[in-house]
Amino acid sequence: MRPVCVLAMVLASCSVFASGAARSATDVERAAAIDGLFAEYTRAGSPGGAVGVYSKGRVLYAKGYGLADLEAGIPITPQTQFHVASVSKQFTAYAIALLVQEGRIDLDADIRKYLPDTPDFGHVVTVRQLVHHTSGIRDYSSLLGLGGRDLRDLLPQQKIVNLLQRQRALNFAPGTDFLYGNSGYVLLAEIVRSVTGKTLRQFTTERMFTPLKMSRTFFMDDIGELVPGRAHSYELDDDGTWQRFPLNYESVGSTGLLTTVEDLAQWAGNLSAPKLGNAKLTSLISASGKLTDGTPVHYAFGLFDLPQAGRTALSHSGYDAAFCAHVTYYPEHDFAVAVLANTGMDVDAKVNAIANLYLPAVTAGASEPAVLQSPKASSLDALSGTFFAPDHPAMSFRRDGNRLIAERGTRGDGTSVVFRRDGSFDVDARNREYFRPVLIDGVTAIDRIPNGPLPAQRYRRIEPVSSTPEQLTKLAGDYRSEELDVTYTFTVRNQRLVVDCFWCAQPVGLTQVTSDHFDAPKSFAARAFSFVRNARGEVVEVRMHSDRAYGVVLRRIAPGAR
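Definitions and cut-offs
- Residues numbered from 1 in each chain as written.
- Predicted model: local features only at pLDDT ≥ 70, side-chain atom pairs only at ≥ 80, totals over all residues.
- Heavy atoms only, no water.
- Core = buried A, V, L, I, M, F, W, Y, C linked by side-chain atoms within 4.5 Å.
- Buried < 20%, exposed > 50% of the residue type's maximum accessible area, 1.4 Å probe, protein only.
- pLDDT = per-residue confidence, 0-100.
- Contact = heavy atoms within 4.5 Å.
- Pairing = 2+ DSSP bridges.
- Helix = DSSP H or I, 4+ residues; strand = E, 2+ residues; numbered from the N terminus.
- Disulfide = S-S within 2.5 Å.
- Axes fitted to C-alpha atoms, helices over the stretch in contact; angles between N-to-C directions.
- Salt bridge = Lys/Arg side-chain N within 4 Å of Asp/Glu carboxyl O.
- Polar contact = N/O pair within 3.5 Å; in protein donor to acceptor, adjacent residues only side chain to side chain.
- Phe/Tyr/Trp six-rings, centres within 6.5 Å; stacked < 30°, edge-to-face > 60°.
- Lys NZ or Arg CZ within 6 Å of the ring centre and 35° of its normal.

**Q** What exactly am I supposed to notice about the nonpolar core here?
**A** The nonpolar side chains of a soluble globular protein tend to be buried, and buried together. Counting 109 residues, the largest nonpolar core has Phe91, Ile191, Tyr488, Phe490 and Phe529 as its most contacted members. By size, the runner-up hydrophobic cluster in this structure holds 22 residues, among which are Val53, Cys324, Tyr330 and Val351.

**Q** Help me understand the confidence of the model for the chain in this model?
**A** Detailed reading of predicted coordinates is not advised where the pLDDT is low. When pLDDT is averaged along the chain, the result is 91, and 92% of the positions lie at 70 or above. Here residues 1-13 scores under 50 on pLDDT; set against residues more than four positions off or in separate chains, the count is 11 contacts.

**Q** Before we go on, may I ask you to explain the sheet that holds strand β32 (residues 539-545) in this structure?
**A** Each strand in a sheet pairs with its neighbour through backbone hydrogen bonds, running either in the same direction (parallel) or in the opposite one (antiparallel). If you walk across this open sheet you meet the 9 strands as β28-β27-β26-β25-β33-β32-β31-β30-β29, and the pairing is antiparallel. Single-partner strands in this sheet number two, and they are β28 (508-509) and β29 (511-512). By the bridge criterion, 4 bridges tie β32 to strand β33 (residues 552-559) in an arrangement that is antiparallel. Following the sheet pairing, Glu541 is matched in β33 by Arg555.

**Q** How should the state of the cysteines be read in this particular structure?
**A** Throughout this description, disulfide means a covalent bond between two cysteine sulfur atoms. Counted under the stated rule, the structure contains 1 disulfide. Covalently, Cys501 is tied to Cys504 through a disulfide, its sulfur atoms 2.1 Å apart. One quick way to see it: the torsion about the S-S bond of Cys501 and Cys504 is about 100 degrees, and its sign makes the bridge right-handed. The exposure classification of Cys501 matches that of Cys504, with both residues buried.

**Q** Would you take a moment to explain the sheet that holds strand β14 (residues 335-341) for this structure?
**A** Ordered by their spatial adjacency, 5 strands build an open sheet running β2-β1-β14-β13-β12, and the pairing between neighbours is antiparallel. Bordering the open sheet on either side are β2 (58-65) and β12 (314-320), each of which pairs with just one other strand. Within this sheet the neighbouring strands show an average axis-to-axis angle of 5 degrees, counted without direction. The sheet contact formed by strand β13 (residues 323-330) and β14 spans 7 bridges and is antiparallel. Note on β14: the bridge partner recorded for Thr328 is Val337. Lying on the sheet, helix α11 (residues 347-358) is in contact with β1 (49-55), β2, β12, β13 and β14; it crosses β14 at an angle near 145 degrees.

**Q** How should I be thinking about the pattern of salt bridges in this particular structure?
**A** Pairing between side chains of opposite charge can happen when their charged atoms approach one another. Counted under the stated rule, the structure contains 27 salt bridges. The network of salt bridges with shared partners includes Glu102, Arg104 and Arg207.

**Q** Please clarify how the pairing of strand β16 (residues 385-388) should be interpreted in this entry.
**A** Two faces, one strand: in a regular strand the side chains alternate between the faces of the sheet. As paired elements, β16 and strand β17 (residues 395-400) share 3 bridges and run antiparallel to each other. What sits directly across from Gly385, in β17, is Phe397. Linkage of β16 to β17, two consecutive antiparallel strands, is achieved through a turn of 6 residues, within which Asp391 is found at a positive phi near 75 degrees. As paired elements, β16 and strand β24 (residues 457-462) share 3 bridges and run antiparallel to each other. Residue Phe387 lies in a different strand from β24, and its bridge partner there is Arg461.

**Q** Would you mind showing me how to read the environment of Ile223 here?
**A** Checked against the element boundaries, Ile223 lands in the loop between β7 (218-219) and β8 (234-236). Exposure remark for Ile223: the relative accessible area of 33% places this residue in the partly exposed category. Sequence separation of Ile223 and Gln506 is 283 residues, and the distance between their C-alpha atoms is 29 Å. Not counting chain neighbours up to four residues away, the residues in contact with Ile223 comprise Leu154, Arg230, Asn248, Tyr249 and Glu250.

**Q** Mind showing me how you'd approach the environment of Lys63 here?
**A** Take Lys63: it is sitting in strand β2. Residue class for Lys63 comes out buried when judged on its relative accessible area of 16%. Each C-alpha atom of the pair Lys63 and Ile76 lies 8.2 Å from the other, and the pair is 13 residues apart in sequence. One polar contact links Lys63 to Asp35, side chain to side chain, over a distance of 3.0 Å.

**Q** Mind showing me how you'd approach the packing of aromatic side chains here?
**A** Both the distance between ring centres and the angle between the ring planes are used here to describe each pair of aromatic rings. Per the stated rule, a full pass over the model turns up 23 aromatic pairs. Aromatic side chains Phe335 and Tyr358 sit 5.6 Å apart centroid to centroid with 40 degrees between the ring planes, which places their arrangement in the tilted category. Here Tyr358 lies in helix α11 and Phe335 lies in strand β14, a separation of 23 residues in the sequence. Since its relative accessible area comes to 4%, Phe335 is described here as buried. On the accessibility criterion, Tyr358 (15% relative accessible area) is buried. Plain terms: the ring middles of Phe518 and Phe531 are 5.8 Å apart, the flat faces sit at 85 degrees to each other, and that makes the pair edge-to-face. You can see Phe518 sitting in strand β30 (residues 517-519) and its partner Phe531 sitting in strand β31 (residues 528-533), a full 13 residues away along the chain. We note that Phe518, like Phe531, is buried. Of the aromatic side chains, those joined through ring pairs into one cluster are Tyr479, Tyr488, Phe490, Phe518, Phe524, Phe529 and Phe531. The ring centre of Tyr185 lies 6.0 Å from the NZ or CZ of Lys89, which sits over that ring.

Set out below in structure tokens:
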């Protein structure tokens, strides 16, 4: 390579400061701190990420770290296009908002007005409920996994639409709960097509990205398309070498956007000084949705409105294959940060760390309960045991000296419980949920409490059951789901119930919780199975549960062990 080319490549990956002003000492310190956050990705042959910092729609700082393409040795720069996974949702939602403003979409209309082939679930599902994840429609990625499909397979938009049209039930009645998922945003993309006659890519390019001069941003709906210099996805193999992590999505709406940290400056600027729509539209897309009883869900139009590191924020993360992305806008400061990556990293933490470099310090909330470093032995003993909630894997706690270890289902990834002075405790990071014991006569249950006002999920204490092989044999047989076009076979092996299907990678043994409820290991798409009996006590069906698809019915077609 000629020296001039090398110089151009190096300059392209360097920091960019807006306005052309000389770098101040503070700028240099901030740049050094950001470099430190990404130091591990500057090693030779490593993928990495790109950072964008914005104020009032101007780029304060932008830089790339690592390689976009390991085989070609192409470095990541502020112009590198990344697949941003679920960060795409805010762009889909904005397209819907534009059409709402024009009177072409009614947010409170039945989605069947625009998509007449949508199944009749026995409830009206509205466009607004799709936007706010309160529709109850099952998540397509969970459904594909339950059907034994590999998400690395080619995933065109129509395949997802076909799958959703086969569904006959919802996770919950629309408007009664919040469950984040992807199906609603695929359907929103289809509503854009139905109303405008254009694909989501065509509509957003013409009406959003071109006016905002986001020239390197688009919804990628053809995996065969060549996009020179874009970032590819990589993960470390067990032997420490980098491997491609294929991403074959042709689906858009919930995901599928390619963009750069430079282009995202225009997007951040549009949130404070709209070039598209007006202030009323900005207010619409930033307002939290609500359940039918008025409970806010802290999700607006493709944006969470939960605080970030103690600051008011609108944000979203995304994860597909090894791509990671996080974009946060801080409306009180008209400031935004984006981190886009082509390998696994904690992009949320990096965004918060970068914001702390630029924004005024935040005083820790006085209401945050202090951590107890040494919980009482009585607390450890009182919580030891198994707790169960329908449609979910069980939670088990066991004492390990002066610690309490929690396990969810059969994941085998025990986590040390953190106790707090207000009586609550954490199993994982407290940013999404925490737990509180229910005290009646001892600890009779635990409540899983999401951050925010959504209702808690109660897990009642149970004594796990262990059935005999003869009892397990009465559950064995073939069970079929018409919704997924798949048959599952349950057998008894080595005194344990085992499940398999044609598309499943391998049979897996289940862990019994109650006489008719079994948890599956982490490697399996279904998290739990619940057998259902008729009035005579005969098993007639089994219901599968995953994180975002509850109660998928498998009807018994051939009883008996094999």
